[in-house]
Each structure stands twice: as C-alpha cells, then as structure tokens.
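Here are the chains, one letter per residue:
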Amino acid sequence: MTEFPTLPRDFTFGVASASYQVEGAVTEDGRGRSVWDTFCDRPGAIVGGASGAVACDHYHRHREDVALLEELGVDSYRFSIAWPRILPTGAGAVNEAGLDFYDRLVDELLEAGIAPTATLFHWDTPQALEDLGGWTGREITEHFAAYAGIVGERLGDRVARWVPLNEPNVVTMLGYAIGNHAPGRSLGFEALPVAHHLLLGHGLATQALRAAGCREIGIASNHSPVWPASTSPEDQEAAQVYDNLWNWMFADPVLLGRYPVEGTEQGFPTYRDGDLATIAQPLDWFGINYYNPALIGAPGAGQDSSQLDGAELPPGLPFENRRIEGYQRTDFDWPIVPEGLAQIVRTFRERYGDSLPPVYITESGCSFHDADPVDGHVADPRRVAYHDAHLRAIAAEIADGVDVRGYFAWSATDNFEWAAGYAERFGLVHVDYDTQVRTPKDSYHWYRDLIAHTRANGSPS
Ligand code: GAL
C-alpha cells in the first residue's frame, strides 16, 4: 500500500492503552486491589486463566515504551491512571508513590514531544469500593470526583486532554448486567442504575478537574451503529431498544442532559433532581471508541443464541444480537466495517447538531493472531488495512465537514485483552510475554510513515 489517506495536516494521531491491560506491578508501590485483580482470580473467568498481574510490565518498562512512541511520532498517547494506585482503597489517604509514577510518565511523554491524554477510569475500580456496592450505589460518584480532583491538582498543568470515563456502556452491560467482565455481576436490567452512577461520576469528575484547572475534558464512549435485521416493525423496534441501551442512554445525558426514553431517571432509586444537569457538563470534545456495528433483530427468530462480545446473553431480552455476514473478520471474529465508523460519526452530527463538540476517535483497532517476530519483523498487513480503511472513512467525513480532530489506534502494544486474556493482539507493537521483548510490527512502521506523510502533505487545516 503506497497511497495514504488524506487527512488534515494538524490531525491528531495517537495510540491508546489502559492501566490494567499494560502496567502489571499490581502489588507494587502500595497499589490497592482492583475489581479486575479479583475477577481474574475467579476460575474460568479469563481465557487461559490469565491476569494483568504482569501484563506488558509497562510499570517498569515505561521508558522503553515512551521511546517507541517517540519513534512512532504520535502527537498524543492515551493512557489510563489506575485509581487503586492513587487511592488504594478508593478513598482516604493518597499513595504518593502511585502519583509519582504517572508524574514521571507525563514528564517523559512531554520530553518526547507527546501530548498526554489521561483517562481516569478504564475499569479498574478499587475493590474496597466494589465491596461497598461499587457502581450500583451512589456513594462511589463522590469518591470518583475526589480522586479526579487529586489527580487533576497534580497533573493538570501538564496533561493535554482528560478522559474521566472509558466506555460506561461496557462497564454497565458487561461488568454488571451480563458479568463476563469485572466485577462479574449478572444483574440484567437491574444493572441500569450503574449507568446513571457512572454518568454522574463523569459529571462530578469533570467539575473537579475544571476546579483543578484542567483543560480539554472529554469522554471515551463506545458506540456502534445499530442495524435493524430487517424492515419488519418487530426488528425495527428491537433495534431501537438496543440503540437506546447501547448508544443513547450514555451519550444523550452527557450531550443533551436527558435520557433517550423520557422519565428513565425516575426509575433509578438513587436519582436526585439536578443529576442530569451535573452529567451534562460542557465538554471540550467528545471521544468515540468504535469497533463494529451491531445487527439487531426481534427475539426468537431462530437464532440459537444471542451474544454480546462473545458472552451469551440471557434469554428473555427484547432484542437479539445477530451475526453480521458479508464482511471480512478479525481473528477475534469481529466484522471489519469501516463505513460503520463513518456512519456513527454522521449519526452523532445529525443527532446532536450544535451540542456536539469536536470529535476524536479515542479507540479503533483490531486483533489478529500475528506470527512471532522473524528477524525483528512482524508482518501484519490486515492490521495496516484495517487502520487505513478506518482512517479513509474518517477522511471522507472530514472532507464532508464533520469536525473529527484525531484518531487513537487501539493499541500501542499488544496487551491483556480482558476476558480474552492474552489470546487477542491489538498492538502496533508485538509483545513477547515470556521475555517482554517489544517488536514494532509492520503496522507501526506504516502508522509512522502515515503521520510523517500527513505532516508534510496533509490537507490544509
Ligand atoms: C475497548 C476497551 C479497550 C480494549 C478494546 C478492544 O472496549 O476500551 O480496553 O480492550 O475494547 O477490545
């Protein structure tokens, strides 16, 4: 592939990661336990019985990792801060050693000319707070805001962009409704108050960050265009229900200050007047994490089972997730649908109009089971094709007037892929988990060349 997608010269190119997926060192420097440490101990929860206890050992190898990012030439690195490293029990005394780690990382990034984009919550809830109910209760929102304030005070002068929450829909649905992610609760629809508490936590944390002088606050919200399985009223209705649950229940409160189904909040036992206004803090930008669309039909249409992210959905739901056919698939068996990224971005523009701030694609990526490096090389042409196609989809939307400012490839390095353990590899850099040797893949070299090309030949901004 020689031709590159044409993007604006000042387009932000980034890569993303998350604390539990890369850091390891889970018992070092005073870090407390997170729900993911506990969940990984549960027999059968993770493929191969794996955990993030060592992961990519990024905690000790961050200098090497930052050097790889510098060589890659990215404008920004999106990483997450482990709440239990800062506050081992989620509240109370600050663990200075934990804060120092991120302080060093931020300084190293700045020295390398890379703008730090910091996520505050990429799923590693302190276990001590989970023991008190976690995100099913309201109390955690105040603790989250206090944590945001502490980190904001320390790093706000140097972090370029803030992401209070990563993917509240995934935490609600996979963590609390289905239970194939930590904390492994299977509450079904009883999990919905979790959504409200996450969103309220986002609003309160945003206020705390602003009070600490932080700039450029957004969110990294997972979204999928929802495709009805047919034009039948039953399939259309099922798709609408799913669309509200997966997409708009999480974006509408943040951008419009209301739930997509009027009165939803009255069903939440902890709801208080004013919550929606707190949730709808003005944001400087909105981050969309995109992986694939969802094909949704009415239940009982002959599908043996309905799955979400590989987990069986319980029977009795008002919708069914169908398999999308007719597209190439990643080795994680996810369909590759670049036009789905264009579609979701367009839908956001249409749905929110002037209420939509500039958009960043805060994650997009693919898992392929790459072969081991040979002579320092990993050939991953399908990953190159994936990012190329998704960036072309974005380029077309930008040319059409949609304000998309950047793209963060998931992920910088291969890492611990949650319930799938180490079987799935999303990185631009290969990690040998026995030796911790990093090997840039062909996709890394391609991304580096694309960035350099865009700086020199991109469209005027
Ligand atoms: C996202 C998540 C990431 C990463 C990615 C690939 O939902 O934010 O942590 O795992 O999916 O599955």
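Residues numbered from 1 in each chain as written. Predicted model: local features only at pLDDT ≥ 70, side-chain atom pairs only at ≥ 80, totals over all residues. Heavy atoms only, no water.

For the chain, the name recorded in an unreviewed UniProt entry is Beta-glucosidase, with Pedococcus bigeumensis as its organism. Turning to the chain, the UniProt annotation filed under Catalytic activity (unreviewed entry) states: "Hydrolysis of terminal, non-reducing beta-D-glucosyl residues with release of beta-D-glucose." In its Sequence similarities (unreviewed entry) section, the UniProt record describing the chain reads: "Belongs to the glycosyl hydrolase 1 family." (UniProt positions renumbered as here; feature names shortened; annotations may be inferred.)

This part covers the UniProt feature "binding site: substrate" (unreviewed entry) in the chain. In the UniProt entry, the feature "binding site: substrate" (unreviewed entry) is given for Gln-21, His-122, Asn-166, Tyr-291, Trp-410, Glu-417 and Trp-418. Put simply, the named residues that line the largest pocket are Gln-21, His-122, Asn-166, Tyr-291, Trp-410, Glu-417 and Trp-418. Topologically, His-122 is positioned in the loop between β3 (115-121) and α6 (127-130). You can call His-122 buried: its relative accessible area is 1%. Every residue in contact with His-122, bar those within four places of it in the chain, is listed here: Ser-17, Ala-18, Gln-21, Arg-78, Ser-80, Asn-166, Glu-363, Trp-410 and Trp-418. Here Asn-166 lies in the loop between β4 (161-165) and α8 (168-178). On the basis of relative accessibility, which here comes to 0%, the residue Asn-166 falls in the buried class. (1 Å grid on protein atoms, 1.4 Å probe; cavity = no way out; pocket = protein on both sides within 12 Å on 5 of 7 lines; lining within 4 Å. Helix = DSSP H or I, 4+ residues; strand = E, 2+ residues; numbered from the N terminus. Buried < 20%, exposed > 50% of the residue type's maximum accessible area, 1.4 Å probe, protein only. Contact = heavy atoms within 4.5 Å.)

For the rest of this paragraph, the subject is helix α5 (residues 96-111). For α5, with 16 residues, the first-to-last C-alpha span of 22 Å sits near the 22 Å given by 1.5 Å per residue. Residues of α5 that are buried include every one of Gly-98, Leu-99, Phe-101, Tyr-102, Asp-103, Leu-105, Val-106, Glu-108 and Leu-109, and no others. Residues of α5 that are buried make contact with α1 (19-22), α3 (58-72), β2 (76-80), α4 (83-86), β3 and α7 (139-155). Of the residues one or two after α5, Gly-113 is the one with positive phi, at around 75°. (Expected span 1.5 Å × (residues − 1).)

This next bit is on the sheet that holds β4. Here 8 strands make up an open sheet; going across it, the order is β4-β3-β2-β1-β13-β12-β7-β5 and the pairing parallel. Of all the strands in the sheet, just β4 and β5 (220-222) have a single pairing partner and so form its edges. On average, each strand axis in the sheet is inclined to that of its neighbour by 25°, with strand direction left out of account. Where helix α12 (residues 338-352) meets the sheet, it contacts β7 (286-289), β12 (359-364) and β13 (404-410), and its direction lies at approximately 150° from that of β7. (Pairing = 2+ DSSP bridges. Axes fitted to C-alpha atoms, helices over the stretch in contact; angles between N-to-C directions.)

On inspection of all chains with the given rule, the structure shows 4 cavities of 30 Å³ or more. Within this model, the largest cavity holds a volume of roughly 120 Å³. Forming the boundary of the largest cavity are 14 residues, of which Asp-65, Leu-68, Leu-69, Ala-412 and Thr-413 lie nearest the centre. Considering every element that reaches the lining of the largest cavity, the biggest residue donor is α3, with 5 residues. Split by residue class, the lining of the largest cavity holds 10 nonpolar, 2 polar and 2 charged. The space that makes up the second largest cavity amounts to roughly 70 Å³. (Points joined across faces, edges and corners; volume = space filled by probe spheres on them. Nonpolar A, V, L, I, M, F, W, Y, C, P; charged D, E, K, R; others polar.)

Another point: the pattern of salt bridges. Inspection of every chain in the model, using the stated rule, returns 33 salt bridges. With its nearest N and O atoms 2.9 Å apart, the salt bridge here joins Glu-23 to Arg-85. Here Glu-23, found in the loop between α1 and α2 (35-40), pairs with Arg-85, found in helix α4; they are 62 residues apart in sequence, far enough to count as distant. The pair Glu-23 / Arg-85 is uniform in exposure class, with both members buried. Ionic pairing is found between Asp-370 and Arg-383, a salt bridge with its closest N-O pair at 3.1 Å. With a gap of 13 residues between them, Asp-370 in the loop between β12 and α13 (381-399) and Arg-383 in helix α13 connect regions that are remote in the sequence. Owing to a relative accessible area of 11%, Asp-370 belongs among the buried residues under this scheme. Connected via shared salt-bridge partners are Glu-96, Asp-100, Asp-103, Asp-107, Arg-154, Asp-157 and Arg-158. (Salt bridge = Lys/Arg side-chain N within 4 Å of Asp/Glu carboxyl O.)

Here we take up the UniProt feature "active site" (unreviewed entry) in the chain. The sites that carry the UniProt feature "active site" (unreviewed entry) are, in the present numbering, Glu-167 and Glu-363. Maximum C-alpha separation among the annotated residues is 10.4 Å over a sequence range of 197 residues, consistent with a single clustered spot. Considered against the largest pocket, the annotated residues that line it turn out to be Glu-167 and Glu-363. Note that Glu-167 resides in the loop between β4 and α8. Filtering out sequence-adjacent residues up to four positions away, Glu-167 remains in contact with Trp-123, Ala-220, Ser-221, Asn-222, Asn-289, Tyr-291 and Glu-363. Looking at the secondary structure, you find Glu-363 in strand β12. Ignoring sequence-local partners within four residues, the contact set of Glu-363 consists of Ala-16, Arg-78, His-122, Asn-166, Glu-167, Ile-288, Asn-289, Tyr-290, Tyr-291, Phe-408 and Trp-410. A distance of 3.0 Å separates polar atoms of two side chains, one belonging to Glu-363 and the other to Arg-78. (Polar contact = N/O pair within 3.5 Å; in protein donor to acceptor, adjacent residues only side chain to side chain.)

What follows is about the sheet that holds strand β8 (residues 294-297). Judged by pairing direction, the sheet is mixed, and its 3 strands sit side by side in the order β6-β8-β11 without closing on themselves. Either end of the sheet is taken by a strand with one partner, and the two such strands are β6 (226-228) and β11 (320-322). Direction aside, neighbouring strands of the sheet carry axes that sit 45° apart on average. In this sheet, β8 lies alongside β6 in parallel orientation, the contact comprising 3 bridges. From the neighbouring strand, Pro-228 faces β8, where its bridge partner is Ile-296.

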